Amino acid sequence: MKLNTHSSTPLYMQLKQSIIEDINKGIYSPGERLPTETELCDIYGVSRITVRKAVLDLVEEGLLIRQQGKGTFVQYPKVKRELFAVNGHAEYMSELGKIPQTKILSFGIIPAPANISKSLEITPESDVLELQRILYYDNQPLTLEISHYSLKVLPNLNEHVHNSVSMYDTIKHKYNITPVHNTKLLNMVLANADEAKFLECEVGDPLFKVEKVAYDAKKQPIHSSFLYYPANRVTFTIDSSMSQEKGNESPS
């Protein structure tokens, strides 16, 4: 599609609109690499300067994403995640009509570090299951999760870890324990080399870091987790009714 060189609208703005329309039409799909600068020049009949300006604007607006050494890609729509939700990844994906996808990076029994033992309210150096996973949304890494489970509360949990198994389902059905509320601390951090590798983003990209502790009905900690989300892939929502319900819980 050639642009109108006689229009009062700058060419780079026309090009931006054309690329947006082509994304909406499915010509360029989420996750797909955009044509090279040279190819875009030929497709739309504009100069390389015009292409660079339009693409840069769309990257800054979050519609495109650049990956060093790979090219420019159409950004996936941001996933909305309720901050106060207690559900796990599998439950959340099921609510969205998606098939849960996870990849276990490592798991094993370790002595609880001081910060973990404090969160789980157990004796320092007590055995905990450490589980590191990547959680996916439509085949794209959405979350790097590093979780610790109290083996005092969940003995032999390490025997039930599997990519296709929901941890919350296991806890409910094997131990008759249901997570009913949690605490979360949200901060912004910059991706280090390992986080960038696992989340398929660039070193230094902004990440949401969520520190979470989940509790059962008796307010006993079940697990603590560090969750890392690329900031350009997720939007956190807050349901005030959920917050009020939490605030109105009767003390035990």
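Fair warning: this is a prediction, and the values are worked out from it, not measured in the lab.

Q: Summarise the pairing of strand E5 (residues 127–137); cite the residues concerned and give the values.
A: Counting buried positions along E5 gives eight out of eleven residues, so the element sits mostly inside the fold. Here strand E4 (residues 101–111) runs beside E5; their pairing, made up of ten bridges, is antiparallel. Counted as the bridge partner of Ser 106 is Gln 132 from E5.

Q: Give a description of the pairing of strand E8 (residues 206–215) that names residues and reports values.
A: Most of E8 is tucked away: eight of the ten residues are buried. With nine bridges connecting them, E8 and strand E9 (residues 221–230) associate as antiparallel partners. From the neighbouring strand, Glu 211 faces E9, where its bridge partner is Phe 226. Linking two consecutive strands that pair antiparallel, namely E8 and E9, is a turn of five residues; a positive phi of about 65° is found at Lys 219 within it.

Q: Explain the sheet that holds E8 residue by residue, including any values.
A: If you walk across this open sheet you meet the six strands as E4-E5-E6-E9-E8-E7, and the pairing is antiparallel. The sheet is open, and its two edges are formed by E4 and strand E7 (181–190), each paired on a single side. Neighbour-to-neighbour, the strand axes of this sheet turn through a mean angle of 15°, independent of strand direction.

Q: An account of the UniProt feature "domain: HTH gntR-type" (unreviewed entry) in the protein is requested, with residue identities and associated values reported.
A: On the UniProt side, "domain: HTH gntR-type" (unreviewed entry) is annotated at positions that read residues 9–77 here. Taken end to end, residues 9–77 is 51% helix and 12% strand, and its two terminal C-alpha atoms sit 28 Å from one another.

Q: Hey, could you go over the pattern of salt bridges for me, with residue numbers and the actual values?
A: Counted according to the given criterion, the structure contains six salt bridges. The salt bridge partner of Lys 16 is Glu 61, with a shortest N-O separation of 2.7 Å. Taken together, the residues span a long stretch of sequence, with Lys 16 in helix H1 (residues 11–24) and Glu 61 in the loop between helix H3 (48–60) and strand E1 (64–67) at a distance of 45 residues. Assessed through its relative accessible area of 13%, Lys 16 is described here as buried. Its relative accessible area of 44% is what places Glu 61 among the partly exposed residues. Across the pair Glu 37 and Arg 48 runs a salt bridge, and its minimum N-O distance is 3.7 Å. Here the residue Glu 37 occupies a position in helix H2 (residues 37–44), and Arg 48 occupies one in helix H3, the gap between them amounting to eleven residues. For Glu 37, a relative accessible area of 24% corresponds to the partly exposed category. The class for Arg 48 is partly exposed, based on a relative accessible area of 38%. Salt bridges here are not isolated pairs; linked through shared partners, they connect Lys 16, Lys 53, Asp 57 and Glu 61.

Rules behind the numbers
Residues numbered from 1 in each chain as written. Predicted model: local features only at pLDDT ≥ 70, side-chain atom pairs only at ≥ 80, totals over all residues. Heavy atoms only, no water. Buried < 20%, exposed > 50% of the residue type's maximum accessible area, 1.4 Å probe, protein only. Helix = DSSP H or I, 4+ residues; strand = E, 2+ residues; numbered from the N terminus. Pairing = 2+ DSSP bridges. Axes fitted to C-alpha atoms, helices over the stretch in contact; angles between N-to-C directions. UniProt positions renumbered as here; feature names shortened; annotations may be inferred. Salt bridge = Lys/Arg side-chain N within 4 Å of Asp/Glu carboxyl O.

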